[in-house]
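As a plain string of letters, each chain reads:
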Amino acid sequence: MRGKLLVALAILTLSVSAASAAHHHHHHALSANAAAPAAPPPMGLMGGANSGDHALHLQNLHDSGYNPKNDRDANGNVATQ
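Definitions and cut-offs
- Residues numbered from 1 in each chain as written.
- Predicted model: local features only at pLDDT ≥ 70, side-chain atom pairs only at ≥ 80, totals over all residues.
- Heavy atoms only, no water.
- Helix = DSSP H or I, 4+ residues; strand = E, 2+ residues; numbered from the N terminus.
- Buried < 20%, exposed > 50% of the residue type's maximum accessible area, 1.4 Å probe, protein only.
- Areas by Shrake-Rupley, 256 points an atom, 1.4 Å probe, with all protein chains shown as cover.
- Expected span 1.5 Å × (residues − 1).
- Polar contact = N/O pair within 3.5 Å; in protein donor to acceptor, adjacent residues only side chain to side chain.

Trainee: Hey, could you go over the overall build of the chain for me, with residue numbers and the actual values?
Mentor: A tally of helices and strands in the chain yields 2 helices and 0 strands. Within the chain, the fraction of its 81 residues that count as buried is 0%. Only carbon and sulfur atoms are counted for the fraction: they give 63% of the accessible area of the chain, which is about 8000 Å².

And the structure:
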């Protein structure tokens with residue numbers, strides 16, 4: 001099931017990539033004195049990540065049962081589920 005999802009995602013990515021490569025944008029020259037409109041930052045992106053965010057992320061992974069020791073098998077290869 002997981003393999004089929006990855007294959008489908010890869011195909012979708014390639015098709016979108018090919019479609020965007022075929023689409024050409026034509027940019028018009030702007031005056032050197034033209035000012036770009038000031039846009040507010042997107043919602044949820046008011047500041048950068050900090051060490052508290054990282055610590056909370058790691059705590060959430062731990063609380064959900066994630067164990068990084070299970071990422072690789074005995075031979076050092078990425079473990080499959």
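Now that the structure is up, let's keep going.
Trainee: Outline helix H2 (residues 51-63), supporting the account with residue identities and numerical values.
Mentor: Taking 1.5 Å per residue as the helical rise, H2 with its 13 residues ought to reach 18 Å, and the 18 Å between its terminal C-alpha atoms agrees with that figure. If you check the start of H2, you find a side-chain oxygen 2.9 Å away from the backbone N of Gly-52, and it comes from Asn-50. Two residues or fewer past H2, Gly-65 is found with a positive phi of approximately 100°.

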